[in-house]
Amino acid sequence: DPYAGDPPRHPALHVNSLKPFNAEPPGELLGEHFLTPPELFFKRNHLPVPHVDPDAYCLKVEGPGGRTLSLSLQDLQHRFPKHEVTATLQCAGNRRSEMSRVRPVKGLDWGIGAISTARWGGVWLRDVLADAGFAEEPESQRHVCFEGLDQDLTGTAYGASIPFYQAMSARADVLLAYEMNGAVLPRDHGFPLRVVVPGTVGARNVKWLGRIWVSTEESPSHWQRNDYKGFSPGVDWDTVDYTTAPAIQELPVTSAITDPPPGATVASSEVTVKGYAWSGGGRGVVRVDVSLDGGHTWQVAEMQGEQQPPGQAWAWKLWQLTAPVPPGTTELDIVCKAVDASYNVQPDTVGPIWNLRGVLSHAWHHVRVTVAE
Ligand code: MTE
Ligand code: MO
């Protein structure tokens, strides 16, 4: 069993798949912490978790002209300044279950929990690339490719890439992280080193990082080229052509209700609704609207979170609203929707954004509850 060496996991997680291990925290726990405790942080693995000996670990960085830099953990920690970034990570498949209710899709049936936030500590990717001999070139169309140390039975490793300009940008804050919430990166999250690309889909945040190179082509990985792309609702598995769509990078604005859970019974006096809201590309969330009547009337929720500069708002906002329950109601259809710094909004329904892979599911989130008599 290639998965026999996987680490132990927290029993509160909802497991979507055991081998490889994919799991999310229940909404009520997720919404309790601005920084998600690592044991509750969602886990998305395509392959067995590799065993990496930190003393033998060596990151290979292929520089210009065929020169390869080999960096031990010690090198990374002592040759480069340490930086910390609070960033939310979201899987492209978060909230897929809402899409599969419209029409079946292919993929893990994630609820609202394939998103979490941590304070990541490590070194800037741009510092390491500069050390390997690269200079910032704003016009460059190249890509920085990452490969993990996790492999399938044929020896194929997980991989992904991001644009070179993003990797080198002083504003993009791309990290090679060895810490999560002030402690050593846990095995499930990429020990000893992972990429953290703030504002960018989870899939590019390569864990167990083994190798970095720069190329005129995107990563040749299956997960870069033939997965994690969006399509029109009319495209099916007979007509889909992965070469026609760009790889998902920045994610659209989303929000979800973490509490109360669907089907709960709430008091007839007042109700407190809690949730998260986040947008990709460093676009902060500027407002969250909540409705108790399916979207007919709206109230503005109170938000809390870390102050981050415009364009670098990498972390989610947690929000909350306490409101009286309208007299005589027996059921509430609670809805939330967020607005980001570019005034992007969420679509009201899932149907028109349905796609065969069930990615980018970011419509208004509904939770239906019963009002106590
Ligand atoms: N990196 C490697 N090496 N292997 C993987 O399977 N999964 C990716 C990404 N990085 C993956 C990986 C995907 S799809 C997501 S959503 C995030 O890691 C999940 O990160 P987490 O498990 O720390 O939450
Ligand atoms: Mo993902």
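Structure report, in brief. Bear in mind that the values here come from a model prediction, so they are computed numbers and not experimental data.

Let us look at the side chain of Lys 317. With respect to the helices and strands, the residue Lys 317 is situated in strand E20 (residues 317-324). An unpaired buried charge is present at Lys 317: no salt bridge exists, and Glu 306, the closest side chain of opposite charge, is 9.7 Å distant. Among all residues touching Lys 317, those that are not within four sequence positions of it are Gly 275, Tyr 276, Ala 277, Val 285, Met 303, Gln 304 and Gly 305.

A separate point is the layout of surface pockets. What the largest pocket holds in volume is close to 530 Å³. When residues of the lining of the largest pocket are traced back to their parent elements, those giving at least two are helix H1 (27-30), helix H3 (96-100), strand E14 (254-259) and strand E22 (365-371). Its residues placed into classes, the lining of the largest pocket shows eleven nonpolar, nine polar and six charged. Residues lining the lining of the largest pocket come from more than one domain, with at least three contributed by each of domain 1 (14-244) and domain 2 (254-371). Taken as a whole, the second largest pocket encloses approximately 250 Å³ of empty space. Contributing to the lining of the second largest pocket are 14 residues, with Tyr 165, Gln 166, Ala 172, Glu 250 and Trp 314 lying nearest its centre. A breakdown of the residues in the lining of the second largest pocket according to their chemical character gives five nonpolar, seven polar and two charged. In this structure, the lining of the second largest pocket is formed jointly by two domains, domain 1 (14-244) and domain 2 (254-371), each of which donates at least three residues.

On to the site of ligand 1, then. In the vicinity of ligand 1 there are 20 residues, among which Phe 42, Asp 150, His 189, Arg 194 and Lys 207 approach most closely. At 3.0 Å from an oxygen atom of ligand 1 is found a main-chain nitrogen or oxygen belonging to Arg 44. Burial of ligand 1 by the protein amounts to 100% of the accessible area it has alone, namely 530 Å². Comparing atom positions with the cavity grids shows ligand 1 to sit within the largest cavity. Of the residues in the shell around ligand 1, the class split is nine nonpolar, six polar and five charged.

Conventions we followed
Residues numbered from 1 in each chain as written. Chains lettered and ligands numbered in written order. Predicted model: local features only at pLDDT ≥ 70, side-chain atom pairs only at ≥ 80, totals over all residues. Heavy atoms only, no water. Helix = DSSP H or I, 4+ residues; strand = E, 2+ residues; numbered from the N terminus. Buried < 20%, exposed > 50% of the residue type's maximum accessible area, 1.4 Å probe, protein only. Lys, Arg positive; Asp, Glu negative; His and termini not counted. Salt bridge = Lys/Arg side-chain N within 4 Å of Asp/Glu carboxyl O. Contact = heavy atoms within 4.5 Å. 1 Å grid on protein atoms, 1.4 Å probe; cavity = no way out; pocket = protein on both sides within 12 Å on 5 of 7 lines; lining within 4 Å. Points joined across faces, edges and corners; volume = space filled by probe spheres on them. Nonpolar A, V, L, I, M, F, W, Y, C, P; charged D, E, K, R; others polar. Domains from an automatic or database assignment. Near = heavy atom within 4 Å. Polar contact = N/O pair within 3.5 Å; in protein donor to acceptor, adjacent residues only side chain to side chain. Areas by Shrake-Rupley, 256 points an atom, 1.4 Å probe, with all protein chains shown as cover. Sits in = over half its atoms within 2 Å of the grid points.

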